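Structural overview for review
In case you want the letters, here they are:
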Amino acid sequence: MSSRRIPPFDNALSQDEKVVQSFLSIIQSKLDNKLLKPKDKEREILRDAVLFPGAAIGTCVTLATFVGLRKGPRHVMKFMAKKNMIGKPIPEYHEGPILKTVGSIFDAAFASLTGLATWILFVNKKKCLDIAADIPLMEGHSHISEMLCDDFMALHGTIDPKFWKTHTDDTVVAIHQFVGNCEKRRLYQKQLKRDMGLSYEEMKNLDIDLPNRVPVDIIEQEKGRFDGTDWASVEDFEERFDDESGERQ
């Protein structure tokens, strides 16, 4: 696990922003080096979190705005004509080819911007963050966990624990939750490896996919496996097993 520390930042940034930026820099580095490529299930989870319901509402607003801009002026002019030209034939309003083309482009652009703004407005930031923070708990293989957990856990360990208790920004809370879930995933993987009877070396070098979602009570399960010993004082469960036989010492 690599060691990272929070880099210096502009003094204008708050402590929350500095911490969040330090974690975001890890993600950006992985993206720049093309190391972070979420797999199908992870992409689907993140896509649904971002798109719904914001994208559906934004699309409806875009269509309604475009139709309103294209049809609205014609109906308004007809209404005014009926009001001002009682007893006279009402003239039809027709756009010329050039005006129709230019007007359609302008209306489409304006409607798209309106829909995009609506989408952003209806994106539930907390929901997106909570879903992203829970990714390490997913069953099977998690590429995001594989690429981010080690670095996030290392950086998290350099930050005063009091910080996480006293700062309640949604992003800070999500980062803390993500790291905690990384630890749970690793704990569950170790449990599965021990249950398979693997040796210490095999446990270190073999990465296994989870057969199901990480159990909610994984920490309580592991505490119970140590026969009432001080679980919190054990840094690594693997140290309680013989390196060769995998049996309990």
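Here the structure is shown first, and the text comes after it.
The notes below deal with the structure included here. (Residues numbered from 1 in each chain as written. Predicted model: local features only at pLDDT ≥ 70, side-chain atom pairs only at ≥ 80, totals over all residues. Heavy atoms only, no water.)

A few points about the overall build of the chain
Defined as follows: Elements are defined by DSSP. Helices are runs of H or I of four residues or more, strands are runs of E of two residues or more, and each kind is numbered from the N terminus. For each residue, the accessible area found with a 1.4 Å probe, counting protein chains only, is set against the maximum for its type, and the residue is called buried under 20%, exposed over 50%, and partly exposed in between. Should any heavy atoms of two residues lie within 4.5 Å, those residues are considered in contact.
Helices and strands together make up the secondary structure of the chain, namely 10 helices and zero strands. The linear arrangement of helices and strands in the chain, starting from the amino end, is α-α-α-α-α-α-α-α-α-α. Buried residues in the chain amount to 33% of all 249 residues. Considering only residue pairs separated by 6 or more positions, the chain has 73% of its internal contacts joining residues 24 or more positions apart.

Things to note about the pattern of salt bridges
Convention followed: A side-chain nitrogen of Lys or Arg and a carboxyl oxygen of Asp or Glu constitute a salt bridge if their distance falls within 4 Å.
On inspection of all chains with the given rule, the structure shows six salt bridges. Note that Lys30 and Asp151 form a salt bridge whose closest N and O atoms lie 3.1 Å from each other. Of this pair, Lys30 sits in helix α1 (residues 15-32) while Asp151 sits in helix α6 (residues 143-156), and the two are 121 residues apart along the sequence. Like Lys30, the residue Asp151 is buried in the burial classification. Lys126 serves as the salt-bridge partner of Asp130, at 3.0 Å between the closest nitrogen and oxygen. With Asp130 and Lys126 both in helix α5 (residues 125-133) and four residues apart, the pair spans about one turn of that helix.

Things to note about the state of the cysteines
Quick note on the threshold: Cysteine sulfur pairs qualify as disulfides if the two atoms are within 2.5 Å.
Taken as a whole and judged by the stated rule, the model has one disulfide. Disulfide partner of Cys149: Cys182, at an S-S distance of 2.0 Å. Between Cys149 and Cys182 the disulfide shows an S-S torsion of about -75°. By sign, it is left-handed. Of this pair, Cys149 sits in helix α6 while Cys182 sits in helix α8 (residues 170-195), and the two are 33 residues apart along the sequence. Cys182 matches Cys149 in its accessibility class, with the two residues each being buried.

What to know about the side chain of His167
Condition: Residues adjacent in sequence count toward polar contacts only when both atoms are side-chain atoms; beyond that, a polar contact is any pair of N or O atoms within 3.5 Å, and within protein one must be able to donate a hydrogen and the other to accept it.
Along the chain, His167 turns up in the loop between α7 (161-166) and α8. Here His167 falls in the buried class, since its relative accessible area comes to 18%. Side chain to side chain, His167 and Gln15 meet in a polar contact 3.4 Å long. A polar contact is formed between the side chain of His167 and the side chain of Thr166, at a distance of 3.1 Å. Apart from residues lying up to four places away in sequence, His167 is in contact with Gln15, Asp16, Val172 and Val173.

Concerning the nonpolar core
Selection rule: Put simply, a nonpolar core is a bunch of buried Ala, Val, Leu, Ile, Met, Phe, Trp, Tyr and Cys residues held in one set by side-chain atoms that sit within 4.5 Å of each other.
One finds Phe23, Leu148, Phe152, Trp164 and Phe178 to be the most contacted residues of the largest nonpolar core, which totals 25 residues. Mapped onto this core, the elements with two or more residues apiece are α1, α5, α6, α7 and α8. Ranked by the residues each element gives to this core, the list is headed by α6, at seven residues. When residues no more than four places from it in sequence are discounted, the contact partners of Phe152 are Phe23, Ile26, Ile27, Phe178 and Val179. Grouped together as the second largest cluster of nonpolar side chains are eight residues, Leu192, Ile208, Leu210 and Val214 included.

Some details on the packing of α6 against α8
Definition in use: For every element, the axis is a line fit to its C-alpha atoms; helices are fit only across the contacting stretch, and the angle between N-to-C directions ranges from 0 to 180 degrees. Between 65 and 115 degrees an angle is taken as roughly perpendicular, under 35 as roughly parallel, over 145 as roughly antiparallel, and anywhere else as oblique. Here a crossing is called left-handed whenever its near helix is offset anticlockwise from the far helix by less than a right angle, and right-handed whenever the offset is clockwise. We call Asp, Glu, Lys and Arg charged. Ala, Val, Leu, Ile, Met, Phe, Trp, Tyr, Cys and Pro are nonpolar, and the rest, Gly among them, are polar.
Closest axis-to-axis distance for the α6/α8 pair is 9 Å, and the angle between their directions is 115°. Considering the angle they form, α6 stands roughly perpendicular to α8. Crossing handedness for the pair α6 and α8: left-handed. The residues of α8 that touch α6, namely those facing Ile144, Ser145, Leu148, Cys149, Asp150, Phe152, Met153 and His156, are His176, Phe178, Val179, Cys182, Glu183, Arg185 and Arg186. Taken together, the residues that form the contact of α6 with α8 break down as eight nonpolar, three polar and four charged.

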